[in-house]
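Structure assessment
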Amino acid sequence: MPLQILLNNLLYDLSEIGIPFDEIDEEDAERPQSWNIAGILRFTVVMGSISSLFDAATFIILLKVFHADAAAFQTGWFLESIATQILVIFLIRSRRPPWWANRPHRVLVLGSLGALAAAAFLALGPVRSLFGFAGLPPVLLGAIILITLGYLAAAEAGKHFALPAVARREPNRAALGRQHPAGDAALNG
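What comes next is a walk through the structure. (Residues numbered from 1 in each chain as written. Predicted model: local features only at pLDDT ≥ 70, side-chain atom pairs only at ≥ 80, totals over all residues. Heavy atoms only, no water.)

1. Quick look at the overall build of the protein chain
Summing up its helical and strand segments, the protein chain has nine helices and zero strands in all. In the protein chain, which comprises 189 residues, the share counted as buried stands at 35%. As presented, the protein chain carries roughly 11500 Å² of accessible surface, and 67% of it is formed by carbon and sulfur atoms. (Helix = DSSP H or I, 4+ residues; strand = E, 2+ residues; numbered from the N terminus. Buried < 20%, exposed > 50% of the residue type's maximum accessible area, 1.4 Å probe, protein only. Areas by Shrake-Rupley, 256 points an atom, 1.4 Å probe, with all protein chains shown as cover.)

Set out below in structure tokens:
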């Protein structure tokens, strides 16, 4: 199990190398937000609760529905864990739904999907026994996919509660003028 956790962490870290290349949505660049501890705490509590709920559901399904032995349990948990960790980045990178957000940068997409493919290969392919993984029946793999999709749907819904509301008003031109040495001339172009 420790090797599987280290492998999970390594693959996840590699999957997120593309984040610095990614771009934020235009409205977030126009109205930058300052760090807010209460907002960070709210995001952590909401999204962490969703993640924990789906981890518990995965454990219950693996143990009570499929009666998975230790190796099958670890394989199922590994696949669910790595898939949800990697794929949720495409949801939380924007306030918008993923189909309306800016396209993620190609490096982020290739890195994330490449790490997910590597994880699936290592957990299910011919080298799986080197990492303590076991082959899984198709119905259990289908359950893992459904749990992952359910998690992504819940995370997308939950992010609207996790993220603070953003005012959609025009910036205060006078306040902006005081922040820039050129004053209103810089704002008017």
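2. A closer look at the nonpolar core
Formed by 21 residues in total, the largest nonpolar core has its most connected members in Leu-7, Leu-11, Leu-62, Phe-78, Leu-79 and Ile-82. Of all elements in the fold, only helix H1 (2–15), helix H4 (70–87), helix H6 (106–124) and helix H7 (138–162) reach the threshold of two or more residues within this core. Ranked by residues supplied to this core, first place goes to H4 with eight residues. Beyond its immediate chain neighbours, meaning those up to four positions away, Leu-62 contacts His-67, Ala-68, Phe-73, Gly-76, Trp-77, Leu-140 and Ile-144. By size, the runner-up hydrophobic cluster in this structure holds 10 residues, among which are Leu-91, Ile-147, Leu-152 and Ala-162. (Core = buried A, V, L, I, M, F, W, Y, C linked by side-chain atoms within 4.5 Å. Contact = heavy atoms within 4.5 Å.)

3. A few points about the packing of helix H3 (residues 37–65) against H4
Interhelical geometry of H3 versus H4 gives an angle of 150° and a closest axis separation of 10 Å. Between H3 and H4, the crossing angle belongs to the class labelled roughly antiparallel. The two elements H3 and H4 meet at a crossing, and its hand is right-handed. Packed against H3, whose contacting residues are Phe-54, Asp-55, Thr-58, Phe-59, Leu-62 and Leu-63, the element H4 presents Phe-73, Gly-76, Trp-77 and Glu-80 at the interface. The residue makeup of the contact of H3 with H4, split by class, is six nonpolar, two polar and two charged. (Axes fitted to C-alpha atoms, helices over the stretch in contact; angles between N-to-C directions. Parallel < 35°, antiparallel > 145°, perpendicular 65-115°, else oblique. Left-handed = near helix turned anticlockwise from the far one by under 90°. Nonpolar A, V, L, I, M, F, W, Y, C, P; charged D, E, K, R; others polar.)

4. What about the packing of aromatic side chains?
Scanning all chains against the criterion turns up five aromatic pairs. Residues Phe-54 and Tyr-151 carry aromatic rings whose centres are separated by 5.8 Å and whose planes lie at 75° to one another, so their mutual orientation is edge-to-face. Taken together, the residues span a long stretch of sequence, with Phe-54 in helix H3 and Tyr-151 in helix H7 at a distance of 97 residues. For Phe-54, a relative accessible area of 15% translates into the label buried. For the ring pair Phe-59 and Phe-73, a centre distance of 5.3 Å and an interplane angle of 45° mean the geometry is tilted. Of this pair, Phe-59 sits in helix H3 while Phe-73 sits in helix H4, and the two are 14 residues apart along the sequence. Classification of Phe-73 by relative accessible area gives buried; the value is 16%. One aromatic cluster is present, formed by Phe-78, Phe-131 and Phe-133 through successive ring pairs. (Phe/Tyr/Trp six-rings, centres within 6.5 Å; stacked < 30°, edge-to-face > 60°.)

5. As for H1
Along its 14 residues, H1 runs 20 Å from first to last C-alpha, staying within 8% of the 20 Å computed at 1.5 Å per residue. Residues Gln-4, Leu-7, Asn-8, Leu-11 and Ser-15 constitute the buried set of H1. On an axial view of H1, the arc spanned by its buried residues comes to 100°, and they lie on one face. The exposed set on the far side of H1, more than 90 degrees from its buried face, consists of Pro-2, Leu-6 and Asp-13. (Expected span 1.5 Å × (residues − 1). Arc of directions from axis to C-beta.)

6. Examining the side chain of Gln-74
Relative to the helices and strands, Gln-74 is located in helix H4. For Gln-74, the side chain forms a polar contact with the side chain of Gln-4, separated by 3.4 Å. Among residues more than four places away in sequence, those in contact with Gln-74 are Met-1, Gln-4, Gly-132 and Phe-133. (Polar contact = N/O pair within 3.5 Å; in protein donor to acceptor, adjacent residues only side chain to side chain.)

7. Observations regarding the layout of surface pockets
What the largest pocket holds in volume is close to 900 Å³. Of all the secondary-structure elements, those providing two or more residues to the lining of the largest pocket are H3 and helix H5 (89–92). Ranked by the residues each element gives to the lining of the largest pocket, the list is headed by H3, at four residues. (1 Å grid on protein atoms, 1.4 Å probe; cavity = no way out; pocket = protein on both sides within 12 Å on 5 of 7 lines; lining within 4 Å. Points joined across faces, edges and corners; volume = space filled by probe spheres on them.)

8. Focus on the side chain of Glu-156
Turning to its location among the elements, Glu-156 is positioned in helix H7. Polar contacts involving the side chain of Glu-156 include one to the side chain of Lys-159, which spans 3.1 Å. Leave out the neighbours within four places in its chain, and Glu-156 touches Leu-91, Arg-96, Pro-97 and Pro-98.

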